[in-house]
Amino acid sequence: MRAGGQGPSEKLAMDAIFRDLTEAQREAVEHIEGPMLILAGPGSGKTRVVTHRIANMLNHGVRPWQIAALTFTNKAAEEMRLRVDSLAPGQPVLIGTFHRFCAQLLRRHASMVGLSENYSIYDTSDSKQAMKRAIAAAGVSTTHASPEQIASSISHAKNRLTTAEMMEGHALTPKDAIAARVYPVYQKQLLTANAVDFDDLLLHIAHLLRENPEIREELDTKYKYILVDEYQDTNLAQYAIVRALSINAPNLAVTGDPDQSIYGWRGADLNNILDFEKDYPSVKTVRLEQNYRSTPNVLRVADQLIRHNRRRKPKKLYTDNDEGSPVILRFYEDGYQEADSIVDEIANAINSQGLRPNDFAIFCRMNAMTRSLEHAFRNRSLPYQIVNGQEFYQRREIKDLLAYLHLINNPNHDVALTRIINVPTRGIGAKTIDKIRNHADQHGLTMLEAARQANTIEGLAKRSASMVRKFIQIYDNLSVKATAPLEDLLRYLVEATSFEDHLEKTSVDQQDGNSLANVDELISAAVEFDRQHPDDGSLEAFLEQVALVSDTDAFDGTNDRVTLMTLHAAKGLEFPHVFIIGVEDDMLPHKRSKENEADFEEERRLLFVGITRAKNWLQLSCCKRRTIRGDVRPVIPSPFLNELPLEEMRRVETTRDQDWFDQDPYADEDSFDQGYPDSWDIPTDDTSKIKNDTPVDQVESASQIIADETTQLPEHELAAAAARNKKKQASAAIASSLKTAADLLSNPPTPLRAYCEGMLVRHSEHGDGTIVSVTGRGPKRIARVRFEDEERSFRLAFADLQVLDD
DNA sequence: CCCCTGTTATTTTTT
DNA sequence: ATAACAGGGG
């Protein structure tokens, strides 16, 4: 059925479009001409409104190619495409991310900004490499600003549409001043390499539109109706682009929620949405405040929290959903217990309540926090997925192969050349590469061109030059296949470089057995791409697609797995049961967010986004100590916790079994555990609130907490959890005796003795020795041991040292 | 030039 | 804990 068809079919479509809409939703869907602002709270059916609106526009004779719907993530774009397609099948409406939209525009108009159409998109690590080279070339010292800081400063400038020349004018902070010196060099390098970074995609288009009125007008009229999703996350560049395309045809409809703005660090400007009504005085504003997703319990917690933000538009969140169960605030001893216990609870809930793994999601502030969870899931053999899709394309072997493809597609791609000129190793070392680079810089050549002149490069050994020629030979052979189907190209590449031999050689010691499998997976992706793009199956398009995939795209809701992801990645999703871990000071208001109020409020919004993902059930948790980059630190609960309606929440303390606690290897070292006992209250004047008003439950079982049943977690499972927790701290010798719960019950370990001077110990490798000194405390405690003919130091917490009885 | 080893710095969030 | 980096022996 075609949208906009005749008679009965149109009626059917209209019915499908308007059925079950609330008054506010209908109002938004019916709107076609003129600017519109849809303020949509979480779970208010925003995507539904947007997609139905598109369908309605098509029904009213708007041509599909006149509509451009812009999102931030591919995931959101796909979702929208899917839902538009079910209402108006097969309509070529442009739905895509800002970056992809710009990338495609830039292909067409590349020459306007000094690029050619086969330009490459540098990913973060590519631009990091380029940045280092630019810093060196600019002769800038990195003592006062790290390459990362310089990169971030330049990135921010680009997001604010500030060019290198403009930045020179008004130097601001010392760091920006340093960045201002690198910026023009970096930019010039990108241009020579015929490449752009992510920010450039937006920046180039914004400038293009500003400086070429004809092009601007042509595109403005072409994309007569523009929709922007998550408008609160737009930065100045995106704002400029959208505005430039809405002058002749000011039919700009934006949706967003100021309370869900979480990309300020990437340059998003909350003012864009807060001031939209000023930008377009004739705007029609629709507020979607009814929530269809969450229980009142969840919603009240979210609302109480977000009230504390000052920069926002107050809004009412309400729902007709059932009350549901109270939100849980849970305390754990440490991150390991947190992980084990959450996984146990999920496993039990699945067994006893007929829930599925994909009913659950666990959110965290940092990707690193998924590690301990991953272990716990593996121990339990519960299916899980960690949403960071970049991982595959970040693997070394994949990046290497892609670098070959990049160089074939764009011979100017110096970063790619540097990456693969000696992969597999072919006798071209760092020195040789430096010489090629210098030669290129001196003569204004790309590195590939410079490499072609290897013979004439001064000071380059004959041997090296011939190695370089060999590489050029391989490259030229590959280039011939550039227009072949991707699959053929890749297979030829793998063969011509003996890539598989190379992998086998270099991954001997690693458990990298999958690197070969990864190559196969890449080939499969190529096959798939060939299939989807039979005619235009260009290398360029494939590389663009790969460059613009993101973490969040990896999420697959149809997989029956528990989902682990960052709070940022969770935006736009919903799950029946949600755990938010690490709601801790310096973690959830992240340490680096505390310098200014704007950043701090963004952290609050981040938690708000997390909370409002939950449909039926929610737990926030917080540990008493957490292992951060190797060592254990005491933790202060997040100040946000005191902003929640604690009196209606359920507080749960999970302590470790006392017997186990006593056997702590450091128990008699008077250090370590004593740091926290009473510092453990929420650090505000409001402490009493959480301590006294809420009943403190002791250890509760998983199903008890999730379903209010009273089954008790079997004792051995608690012990097993405790054993897993212990492993990290106990010495290897002791830990190995604690492998299973059964072991545990039949062979209670002997209490540990504190190591001290003069003690006789045995090491599996070095043999017997005597402790000459013991220093440090806690996990950093180090013993110096004298063996027969040498002296060594060991971190006691991890060392393989067995105490010998006299 | 290659590879192994030990040392050092580094860690938010992502298109 | 991990990765990037530097230095030394082969």
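Structure: above.
Bear in mind the structure is a predicted one, so any value in this text is a computation, not a measurement.

Novice: Honestly, unusual backbone geometry in this entry has me stumped. Any pointers?
Specialist: Note: most peptide bonds trans; most residues except glycine with negative phi. Residue Pro424 is reached from Val423 by a cis peptide bond, and omega for that bond is -5°. Positionally, Pro424 belongs in the loop between helix H20 (414–420) and helix H21 (430–443). Look at Asp20: it is not a glycine, yet its phi comes out positive at around 60°. Locating Asp20 in the fold gives a position in the loop between helix H1 (7–18) and helix H2 (23–30).

Novice: Would you mind going over the packing of helix H19 (residues 396–409) against helix H26 (residues 514–532) with me for this structure?
Specialist: Running from N to C, H19 and H26 cross one another at 40°; their axes reach a closest spacing of 9 Å. Here H26 runs oblique to H19, going by the angle between their axes. Relative to H26, H19 is oriented so that their crossing is right-handed. For the pair H19 and H26, contact is made by Glu397, Ile398, Leu401 and Leu402 and by Ser515, Asn518, Val519 and Leu522, respectively.

Novice: How should the pairing of strand S13 (residues 575–580) be read in this particular structure?
Specialist: Regular strands place side chains that alternate from one sheet face to the opposite one. Counting buried residues along S13, six of its six residues qualify, which places the element largely inside the surrounding structure. Inspection of the sheet shows strand S10 (residues 360–364) paired to S13 by four bridges, in the parallel sense. Across the sheet, residue Ala361 finds its bridge partner in S13, namely Val578. In this structure, S13 lies alongside strand S14 (residues 614–628), joined through five bridges in parallel fashion. Across the sheet, Phe579 pairs through a bridge with Gln619, a residue of S14.

Novice: So what exactly am I meant to see when it comes to the pattern of salt bridges here?
Specialist: Evaluated as defined, the whole model comprises 51 salt bridges. Measuring nitrogen to oxygen at the nearest pair gives 2.7 Å for the salt bridge that ties Arg380 to Asp344. Separated by 36 residues along the polypeptide, Arg380 in helix H17 (residues 370–380) and Asp344 in helix H16 (residues 335–353) bring together distant segments of the chain. Beyond isolated ion pairs, a larger network of salt bridges with shared partners links Glu333, Asp334, Lys624, Arg625, Arg651 and Glu653.

Cut-offs used in this document
- Residues numbered from 1 in each chain as written.
- Chains lettered and ligands numbered in written order.
- Predicted model: local features only at pLDDT ≥ 70, side-chain atom pairs only at ≥ 80, totals over all residues.
- Heavy atoms only, no water.
- Helix = DSSP H or I, 4+ residues; strand = E, 2+ residues; numbered from the N terminus.
- Axes fitted to C-alpha atoms, helices over the stretch in contact; angles between N-to-C directions.
- Parallel < 35°, antiparallel > 145°, perpendicular 65-115°, else oblique.
- Left-handed = near helix turned anticlockwise from the far one by under 90°.
- Contact = heavy atoms within 4.5 Å.
- Buried < 20%, exposed > 50% of the residue type's maximum accessible area, 1.4 Å probe, protein only.
- Pairing = 2+ DSSP bridges.
- Salt bridge = Lys/Arg side-chain N within 4 Å of Asp/Glu carboxyl O.

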